[in-house]
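A closer look at the structure
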Amino acid sequence: MDNRPANEWPQSEQMLYPSVQRLHSIIRDKSSDREYQQYINSLKASVLTAFYTPDQVAAIIGKTIIDCTGEKTRRILEPSAGSGRFLLPFDGNYIKTAYEKDLLTGLILQAKSPDVDVRIMGFEHFPEAELGSYDLAISNIPFGDFSVFDAGFQKEKNEVKIQSTNKIHNYFFVKALDSVREGGLVAFITTRGFADSASNRNIREYLMYNSNLVSATRLPDNLFLNDAGIEVGSDIVILEKCTGKTEVQENERLFIESRREVYLNEDIGSVNSYIFTNLEKTNLGDIGVDTNQFGKKHLSLNLSPELFGEYLEKHLRADFSTRYAITEVQAEKVQILANDDYKNVLGEEVVSLYDLLGFSEEERTQVKPVGKKRHHIPTIPVPDSQVKEWN
């Protein structure tokens, strides 16, 4: 919210000067001096991490989740709501909760969305009583090396959760996973650095051992160009909560890792191993090598806006069709194990995990460990005729 005279603004931004001044005027006319300063300070605090998602993107992600999950998705959480675009596809019999830290944006969202419980505060104030109660957390989350203080994480003394508070995008993933039920979904647009950076490996490992990777899709560089006036690298990551896994699928093992890669004879820096191993399946757009604002080579993606909607919808539906129906079975098994009433009816009877999970004799002979060798829990075999190749 730059208040300098127009001649002191950068040439490329001077076209915005009249609109910014009008906004200043409206806020000043409708509020006291104290309120005016609060609104302006709040806007300034959010400007570095606020990139509004194109309507088409939010609509496609929301519609795909509705079509693929049906009645299982009723309680919706938007932890960084902005204008509320991600909530628009969920029209009708839904319970919707939105967090928006920016004061003015939150008030606007409250006024235009009476069917949404808008909480004008940071996601770190999410109440403990609501943990594990939502079916879906969906958002374009903030990113950057901004730290967050979460009293619940400090009290829990989980090292990975505490580490996640050092980067706001890591924190949002870990906190959102806590907020949804077993089998619930976390669907976030996030910076590519979340998947690519070696410094985030512990966070990705924690997520893969406490959820199933439904989709990891790299979006075109030019996706935000029309709405935000910027080219920025971003991914869609969709997770299905499955707490306490002892094994991971091959695609999840790859997603945990990242390393320096060479593409078209160019060093393109650190890239997520799942993304790079499956370039044609995970990247939406024409793949090339470009130079970023810091002068470093990176993998670039560009796609015509006219094709984006069709490509994104096909890609997400393919991922849901090959992963969601199967991983949901795993989540239901975890929910059974977590149900004290179910365990109590067993009395003194001695049972194995095979008995508890209802495996047939034939299924027991097909169990094979995958990934890290920890305390073994049987994986759920799925006939080849029911699924496509898992990546």
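To be clear, the structure that these remarks concern was listed above.
Residues numbered from 1 in each chain as written. Predicted model: local features only at pLDDT ≥ 70, side-chain atom pairs only at ≥ 80, totals over all residues. Heavy atoms only, no water.

1. What about the nonpolar core?
Nonpolar side chains tend toward joint burial in soluble globular proteins. If you look at the biggest cluster of nonpolar residues, it comprises 36 residues, and the most contacted ones within it are Phe173, Val186, Leu207 and Phe255. Counting residues per element, this core draws most heavily on helix H7 (residues 168–179), at seven residues. Not counting chain neighbours up to four residues away, the residues in contact with valine 186 comprise Ala137, Phe173, Ala176, Leu177, Val180, Val237, Ile238 and Leu239. Judged by nonpolar contacts, the second largest core, of 34 residues, contains Ile60, Ala81, Leu185 and Leu219. (Core = buried A, V, L, I, M, F, W, Y, C linked by side-chain atoms within 4.5 Å. Buried < 20%, exposed > 50% of the residue type's maximum accessible area, 1.4 Å probe, protein only. Helix = DSSP H or I, 4+ residues; strand = E, 2+ residues; numbered from the N terminus. Contact = heavy atoms within 4.5 Å.)

2. Details of the sheet that holds strand E1 (residues 75–78)
Read across the open sheet, the seven strands follow the order E3-E2-E1-E4-E5-E7-E6; overall the sheet is mixed. Each edge of the open sheet is held by one strand with a lone partner, namely strand E3 (116–119) and strand E6 (211–218). The sheet shows a mean angle of 15 degrees between the axes of neighbouring strands, taken without regard to direction. Note that E1 and strand E4 (residues 134–140) share two bridges and pair parallel. Counted as the bridge partner of leucine 77 is alanine 137 from E4. Across the face of the sheet, H7 comes into contact with E1, E4, strand E5 (180–191), E6 and strand E7 (234–241) while running at roughly 160 degrees to E5. (Pairing = 2+ DSSP bridges. Axes fitted to C-alpha atoms, helices over the stretch in contact; angles between N-to-C directions.)

3. What about the packing of H7 against helix H9 (residues 201–208)?
The contact between H7 and H9 brings their axes to 10 Å, and the two run at 15 degrees. With respect to their mutual orientation, H7 and H9 come out roughly parallel. Crossing of H7 over H9 shows left-handed handedness. Within the contact between the two elements, H7 uses Asn170, Phe173, Val174, Leu177 and Asp178 and H9 uses Ile203, Tyr206 and Leu207. (Parallel < 35°, antiparallel > 145°, perpendicular 65-115°, else oblique. Left-handed = near helix turned anticlockwise from the far one by under 90°.)

4. Things to note about the layout of surface pockets
Empty space within the second largest pocket amounts to approximately 1100 Å³. Lining the second largest pocket are 36 residues, and of these Thr191, Arg192, Gly193, Asn292 and Phe294 sit closest to its centre. Counting residues per element, the ones that place at least two in the lining of the second largest pocket are helix H8 (193–196), strand E9 (266–272), strand E10 (286–291) and strand E11 (297–302). A breakdown of the residues in the lining of the second largest pocket according to their chemical character gives 10 nonpolar, 15 polar and 11 charged. (1 Å grid on protein atoms, 1.4 Å probe; cavity = no way out; pocket = protein on both sides within 12 Å on 5 of 7 lines; lining within 4 Å. Points joined across faces, edges and corners; volume = space filled by probe spheres on them. Nonpolar A, V, L, I, M, F, W, Y, C, P; charged D, E, K, R; others polar.)

5. A closer look at H7
In a regular helix each residue adds 1.5 Å, so 12 residues correspond to 16 Å; H7 covers 16 Å between its end C-alpha atoms and thus fits that length. Burial runs high along H7: 12 of the 12 residues are buried. Those residues of H7 that sit buried are Ile168, His169, Asn170, Tyr171, Phe172, Phe173, Val174, Lys175, Ala176, Leu177, Asp178 and Ser179. (Expected span 1.5 Å × (residues − 1).)

6. What to know about the environment of lysine 241
Looking at the element boundaries, lysine 241 is found in strand E7. A sequence separation of 61 residues divides lysine 241 from valine 180, and the C-alpha atoms of the two residues are 7.3 Å apart. At 3.1 Å, the side chain of lysine 241 forms a polar contact with the backbone oxygen of leucine 177. (Polar contact = N/O pair within 3.5 Å; in protein donor to acceptor, adjacent residues only side chain to side chain.)

7. A word on the pattern of salt bridges
Oppositely charged side chains are able to pair whenever their charged atoms sit close together. Applying the stated criterion across every chain, the model contains 25 salt bridges. The salt bridge partner of aspartate 67 is arginine 317, with a shortest N-O separation of 2.5 Å. With aspartate 67 in helix H3 (residues 55–69) and arginine 317 in helix H14 (residues 305–338), this residue pair connects regions lying 250 residues apart in the sequence. For aspartate 267, the salt bridge goes to arginine 260, with nearest N and O atoms at 2.8 Å. (Salt bridge = Lys/Arg side-chain N within 4 Å of Asp/Glu carboxyl O.)

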